[in-house]
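Report on the structure
Here's the letter readout for the chains.
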Amino acid sequence: MTFKERVFSGVQPTGNLHLGNYLGAIARFVALQDKFDCIYCVVDMHAITVWQDPTELPPATREVTAAFLASGIDPKKHIVFNQSQVAEHAELAWVFNCVARMGWLNRMTQFKEKAGKDKENASVGLFAYPTLMAADILVYRATHVPVGEDQKQHLELARDIAQKFNNDFDASIKAHGFGEAFFPQPEPLITGPATRIMSLRDGSKKMSKSEPSDYSRINLTDDADTIAQKIRKAKTDPEPLPSEEKGLDPRPEADNLVGIYAALSGVPKAQVLTQFGGAQFSVFKSALVDLAVEKLGPLGGEMKRMVQDPVYIDSVLADGAARAGAIAAETMKAVKDIVGFVRR
Ligand code: TRP
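Read on for a plain summary of the structure.

About the criteria used
Residues numbered from 1 in each chain as written. Predicted model: local features only at pLDDT ≥ 70, side-chain atom pairs only at ≥ 80, totals over all residues. Heavy atoms only, no water. Buried < 20%, exposed > 50% of the residue type's maximum accessible area, 1.4 Å probe, protein only. Helix = DSSP H or I, 4+ residues; strand = E, 2+ residues; numbered from the N terminus. Pairing = 2+ DSSP bridges. Right-handed = clockwise from strand over helix to strand, strands pointing away. 1 Å grid on protein atoms, 1.4 Å probe; cavity = no way out; pocket = protein on both sides within 12 Å on 5 of 7 lines; lining within 4 Å. Points joined across faces, edges and corners; volume = space filled by probe spheres on them. Nonpolar A, V, L, I, M, F, W, Y, C, P; charged D, E, K, R; others polar. Expected span 1.5 Å × (residues − 1). Near = heavy atom within 4 Å. Polar contact = N/O pair within 3.5 Å; in protein donor to acceptor, adjacent residues only side chain to side chain. Areas by Shrake-Rupley, 256 points an atom, 1.4 Å probe, with all protein chains shown as cover.

Before going further, it helps to examine the pairing of strand β1 (residues 6-11). Judged by how many residues are buried, β1 sits mostly within the fold: five of six residues are covered. Summarising the sheet, β1 and strand β2 (residues 37-42) pair through six bridges and their orientation is parallel. Considered in β2, the bridge of Gly10 is made with Cys41. Read from β1 through helix α1 (residues 19-32) to β2, the crossover connection turns out right-handed.

Have a look at this one:
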C-alpha cells in the first residue's frame, strides 16, 4: 500500500520558545517545505495535559505561530493551524484510546518523567497524550514526522496504533473499499545534524523552558545584548577547543557550544573544529555571539513584530484550520464507516 507523502509535526504552546525548539524542530520544519506537503500544528490540546493559565495560552499559541512564520514556513503553500480548531483530532483520539492498550501506554517513559512521584495526581490527558499525538498524525494519514529524540517512542506508538487499527478492522477496511490498509506507518524524519541543544549551564541537561535560570537558554525573542551575555556566561572548561570531534566526547559543554555553532551556520561540527581547533573559548564565544545575533536577531525581531498583530496571526490559523479540517473530516468519515458508527 502506498500513501501520498505528507509531513505532520506539532509544537506545544507552553511559552518561551528557545534555541532548542528552533534548531531541534522549527528550523527542520522549514527545510522540509520544498520536498513535502507539510502540516504544522500548534498543539494547544497537548499543552493542557498540564495546567495552563487561560490568559497565557492564547499569546503562547500566537508566539509559536509567529515563530513558524518568521522562520520561513509558508502558510499558503503548506498548512499552519492550532489543534483545538480541528475537532477531528479529539474524535480520532477517542477511537485510538480504544485501540491502544494500557500496557503500551504504561511503557511510555515521558509520562513517567512528567508525572513524577505523584502519578495518582497526573491528569488522564497526560497519560493518554500519545494517543492524541497518534491522532494528530494519522487524521492526515501523514507519512513523515520530524521529531526529536524524546518523541521517538511516541511515534513508535503511533505506528503500533496504525497497525492495530488496520488489523482489527481489516475486513471492514476492505469491505468499504479502502484497500489493504487504511493508515500508513508514519516514519520519523531526522534531517540535518542531529543536534540536541543542551542547557548553557549544564551540558548534560536538555535546554528547557522549565529550568529556573534564564541563563540556561537563549529565548527566540532575546535581544542581541541578552544573547551575547548568555553565551559569554555559558559554562565551559579551561581547555582550548579540540581540533577533532573525538576530543568533544568527554566535554559536554564544549560539545554543546560547537553543536550550536554548527547548527546555526549549517556546517558539520568537524568543520567548525577545523576552523576553531586550538582556540580559547573567549575567541570561539565571540564568533558564536556574532553568529547567533546574526541568525536569531532578525527572527526574534520579526516574531515580536508579528505578535503585535494578533488579528493577522489568527487569520492564518483560521485559514489553516479550515484547510486541515477538510482533510481531517474526510478521514473521520471513513473511520466512522470502518468502525461501524452510523453517521449523517
Ligand atoms: N509531543 C510533541 C512534543 O512535545 C508535540 C506533538 C504533538 C507532535 N503532536 C505531534 C509532534 C504530532 C509530532 C507529531 O514535542
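Right, let's get into empty space enclosed by the protein. Following the criterion strictly, the structure yields one cavity of 30 Å³ or more and no others. Volume-wise, the largest cavity comes out at about 60 Å³. Lining the largest cavity, in full, are Leu105, Met108, Gln110, Phe111, Lys114, Leu126, Phe127, Tyr129, Pro130 and His154. Broken down by secondary-structure element, the contributors of at least two residues to the lining of the largest cavity are α6 (109-115) and α7 (124-138). The leading source of residues in the lining of the largest cavity is α7, at four residues. Split by residue class, the lining of the largest cavity holds seven nonpolar, two polar and one charged.

Here we come to helix α3 (residues 57-71). If you check α3, its first and last C-alpha atoms are 21 Å apart, about what 15 residues at 1.5 Å a residue would give, namely 21 Å. Of all 15 residues in α3, 11 are buried, a share of seventy percent or more. Looking only at α3, the buried set comprises Leu57, Ala60, Thr61, Glu63, Val64, Thr65, Ala66, Ala67, Phe68, Leu69 and Ser71. Looking one or two residues beyond α3, the residue adopting positive phi is Gly72, at roughly 110 degrees.

As a structural note, the neighbourhood of the ligand is formed by 13 residues, with Gln12, Tyr129, Met133, Asp136 and Gln151 the closest of them. A distance of 2.6 Å separates a nitrogen atom of the ligand from a polar side-chain atom of Tyr129. A total of 360 Å² of accessible area belongs to the ligand in isolation, and the protein chains cover 89% of it. When residues of the shell around the ligand are traced back to their parent elements, those giving at least two are β1 and α7. A total of four residues in the shell around the ligand trace back to one element, the largest contributor, which is α7.

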